[in-house]
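Structural overview
Each chain, written out:
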Amino acid sequence: DAKTTQPTSMDCAEGRAANLPCNHSTISGNEYVYWYRQIHSQGPQYIIHGLKNNETNEMASLIITEDRKSSTLILPHATLRDTAVYYCIVRVVSNTGKLIFGQGTTLQVKP
Amino acid sequence: SAVISQKPSRDICQRGTSLTIQCQVDSQVTMMFWYRQQPGQSLTLIATANQGSEATYESGFVIDKFPISRPNLTFSTLTVSNMSPEDSSIYLCSAFGGRGTDTQYFGPGTRLTVL
């Protein structure tokens, strides 16, 4: 699986949009971009995933560049409960696909 | 989404003993996985639990230390054998492929402390 690069930490003001970048310059054509987050002491929570088109759900938006070498997760109105470690993972979608976690970005939402 | 439960949620064990962690999914799933998260670290994949056959272990993990069972499509166990304080971690079960989804979901984890 391709590797990803994320900033170690970021801050965001409550109520503002949080934009979390991820580089995946060696991504293959059959690999999706997945985002998970882990709130302290809990199991990772699925957020969103995409292949090449931008995606939006009730939690977040995922913007993938045209060359697919990077992406941005957008939390439109961050709250204190969004403070967590956010993981960007690329993964082949198949019956044997597995998630390999990097170090992620620690997002601190501040009042 | 698949709902995953784990037992126990936490335990404190003596070195040299073994602990078996149970993972139950509320629907049949294609793949099940076990992860370890050491204090302050990211998640590390231990193995893929294969239904009806031996688990597939990642580099650095062996069956003698982490035996895994998966008797059916909704249940798996991970045993941490001959424990030492270095085994103190959160152990997480994960499942993929339930109800036609291509998303992987995680259980709440088992927090293990070895004295």
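All of these numbers come straight from a predicted model, not from anything done at the bench.

How each quantity is defined
- Residues numbered from 1 in each chain as written.
- Chains lettered and ligands numbered in written order.
- Predicted model: local features only at pLDDT ≥ 70, side-chain atom pairs only at ≥ 80, totals over all residues.
- Heavy atoms only, no water.
- Contact = heavy atoms within 4.5 Å.
- Buried area = accessible area lost by both parts, 1.4 Å probe.
- Salt bridge = Lys/Arg side-chain N within 4 Å of Asp/Glu carboxyl O.
- Polar contact = N/O pair within 3.5 Å; in protein donor to acceptor, adjacent residues only side chain to side chain.
- Helix = DSSP H or I, 4+ residues; strand = E, 2+ residues; numbered from the N terminus.
- Buried < 20%, exposed > 50% of the residue type's maximum accessible area, 1.4 Å probe, protein only.
- Pairing = 2+ DSSP bridges.
- Axes fitted to C-alpha atoms, helices over the stretch in contact; angles between N-to-C directions.
- 1 Å grid on protein atoms, 1.4 Å probe; cavity = no way out; pocket = protein on both sides within 12 Å on 5 of 7 lines; lining within 4 Å.
- Points joined across faces, edges and corners; volume = space filled by probe spheres on them.
- Nonpolar A, V, L, I, M, F, W, Y, C, P; charged D, E, K, R; others polar.

Let's talk about the interface of chain B and chain A
At the junction of the two partners, chain B supplies 20 residues and chain A supplies 22 residues. When the buried area of chain B at its contact with chain A is split by residue, Ser 42, Asp 102 and Phe 106 of chain B rank highest and sum to 28% of it. If you look at where chain B meets chain A, you find one salt bridge. Here Glu 58 of chain B makes a salt bridge to Lys 98 of chain A, at a shortest N to O gap of 2.8 Å. Across the contact surface, chain B and chain A share six residue pairs in polar contact (both at pLDDT 80 or more). The set of elements that each furnish at least two residues to the side of chain B that touches chain A consists of strand 4 (31–37), strand 5 (43–49), strand 9 (89–96) and strand 10 (104–106) of chain B.

Considerations on unusual backbone geometry
A cis amide bond links Lys 7 of chain B to the next residue, Pro 8 of chain B, at an omega of -10 degrees. Here Pro 8 of chain B lies in the loop between strand 1 (4–7) and strand 2 (10–13). The phi torsion at Arg 68 of chain A lies on the positive side, around 65 degrees, for a residue other than glycine. Tracing the backbone shows Arg 68 of chain A in the loop between strand 6 (61–64) and strand 7 (70–75). A residue is classified by how much of its surface remains accessible, and Arg 68 of chain A, at 10% relative accessible area, is buried.

Some thoughts on the pairing of strand 8 (residues 75–80) of chain B
In regular strands, side chains alternate between the two faces of the sheet. Residue and element names in this part refer to chain B. Where burial is concerned, most of strand 8 is hidden: six out of the six residues are buried. In strand 8, alternate side chains face the same way, and those of Phe 75, Thr 77 and Thr 79 on one face and Ser 76, Leu 78 and Val 80 on the other are all buried. Two elements, strand 7 (residues 68–69) and strand 8, share two bridges in a ladder whose sense is antiparallel. Residue pairing for strand 8: Ile 68 is matched across the bridge by Leu 78. The antiparallel pairing of strand 7 with strand 8 creates a hairpin that spans five residues between the two strands.

Focus on the sheet that holds strand 1 (residues 9–13) of chain A
All names here are of chain A. Spatial strand order, 1-9-8-3-4: five strands in an open sheet with mixed pairing. Among the strands making up the open sheet, the edge pair consists of strand 1 and strand 4 (45–50). Direction aside, the axes of adjacent strands within the sheet are offset by 25 degrees on average. Here strand 3 (residues 31–38) runs beside strand 4; their pairing, made up of five bridges, is antiparallel. Note that in strand 4 the partner of Trp 35 across the bridge is Ile 48.

Here's the deal with the layout of surface pockets
A volume near 450 Å³ is recorded for the largest pocket. Forming the walls of the largest pocket are 22 residues, and the residues nearest its centre are Gln 38 and His 40 of chain A together with Gln 37, Gly 40 and Gln 41 of chain B. In the lining of the largest pocket, the residues fall into seven nonpolar, 14 polar and one charged.

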